Amino acid sequence: MKPVLCDSHIHLTDPVYDNFLPSILATIRGLDLKACSVTVNNSTSLKGLRLFEEKSVHDFVYNFIGIHPQYATENLSKFEEIVIDNVNNIDGIGEIGLDPSYIHENETQYATQKKTFQLLLELAEKYNKPISIHSRKSMDDILQVLPSYKIQSSLLHWFNGNKKHLKQAMDMNIFVSYGPVLLYSPDKKVLLKETNIDKILVETDGPVKYSNCFNYLPSSSISHLLSVIKYIGDTLNLDFEDISNLLKSNSENFLGKII
Ligand SMILES: [Zn+2]
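Residues numbered from 1 in each chain as written. Predicted model: local features only at pLDDT ≥ 70, side-chain atom pairs only at ≥ 80, totals over all residues. Heavy atoms only, no water.

Asks: Explain the coordination of the zinc ion here, please?
Replies: For a metal bound by four donors in tetrahedral geometry, the ideal donor-metal-donor angle is 109.5 degrees, whereas six donors in octahedral geometry ideally sit at 90 or 180 degrees. For the zinc ion, the full set of protein donor atoms is H9 (NE2), H11 (NE2), E95 (OE) and D205 (OD), and the range of their distances to it is 2.2 to 2.4 Å. Taken in chain order, the donor set of the zinc ion reads H-x1-H-x83-E-x109-D. Highlighted residues: H9 in strand β1 (residues 5-10) and D205 in the loop between β8 (200-202) and α9 (222-235), separated in sequence by 196 residues. Side by side, H9 and D205 carry an identical accessibility label, which is buried. (Donors = N, O, S within 2.8 Å, 3.2 Å for Na, K, Ca; no water. Helix = DSSP H or I, 4+ residues; strand = E, 2+ residues; numbered from the N terminus. Buried < 20%, exposed > 50% of the residue type's maximum accessible area, 1.4 Å probe, protein only.)

In structure tokens:
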């Protein structure tokens, strides 16, 4: 049987993909892949809901909608309205989170990010949706705020914490995802070995491009995902079928449904 593989974090609504989205979707469908499409603000959220609402597409592209910390000043009542209007077509809330690198003027900007993040967590709790979290340089704050909410399941996408953070995340039953950087970052390799195998997910974070062995090729390339999966399998001593089955069941536990 062909394995079902899931890219747990990709920005299919990014304008970079506009001209060739139909061919990406055809490839995802043709290879029996699944993708969690994440968005960053109100307009990309509406775009994703429009692009992937049709059942034939929604069968393999899952709609996460969110407000990225870069857009923390977005109109939140509008976002809430989008969630309420589309609650049955929304598979998760993301990309959401905190990131002090976007603070350029004063500290109140970080306070705004926190307020926005907390409202998004409230929505995820209220509507029982999984979340996809951006935690660059904010892992301590994120891990501190999460226990205040009853979230169905959480993913620290592009896990970028240290061993202590990883241990905390595992104790909190949080999923972590690894992307193409795993193949050339010694730090990530160490973390992978310390991750509970039932909490590992994979992602491309497309359209991000990767250096080293990936030579800055577009990361919608399915081969990126396959390389990551193969690498994780080799590290854990699992053949391709076994690692694929493990990742499929992890994705189902994260999403709360059969994929
Ligand atoms: Zn992202």
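Asks: In this structure, what is going on with the packing of helix α8 (residues 186-193) against α9? I would like to understand it.
Replies: In a packed pair of helices, the relevant descriptors are the angle between the two axes and the axis-to-axis distance. Where α8 contacts α9, the two axes come as close as 11 Å, and the packing angle between them is 55°. Classified by the interaxial angle, the pair formed by α8 and α9 is oblique. Read as a crossing pair, α8 and α9 show a hand that is right-handed. Residues K189, L192 and K193 of α8 touch α9, and the partners they reach there are Y231, I232 and T235. (Axes fitted to C-alpha atoms, helices over the stretch in contact; angles between N-to-C directions. Parallel < 35°, antiparallel > 145°, perpendicular 65-115°, else oblique. Left-handed = near helix turned anticlockwise from the far one by under 90°. Contact = heavy atoms within 4.5 Å.)

Asks: Explanation requested: empty space enclosed by the protein in the structure shown.
Replies: Gaps left between atoms show up when a probe the size of a water molecule is rolled over them. For the structure on display, the rule yields three cavities of 30 Å³ or more. The calculated volume of the second largest cavity comes to roughly 50 Å³. For the second largest cavity, the full set of lining residues is W158, F159, S177, Y178, G179, P180, V181, L182, K188 and E203. Grouping the amino acids of the lining of the second largest cavity by side-chain chemistry returns six nonpolar, two polar and two charged. (1 Å grid on protein atoms, 1.4 Å probe; cavity = no way out; pocket = protein on both sides within 12 Å on 5 of 7 lines; lining within 4 Å. Points joined across faces, edges and corners; volume = space filled by probe spheres on them. Nonpolar A, V, L, I, M, F, W, Y, C, P; charged D, E, K, R; others polar.)

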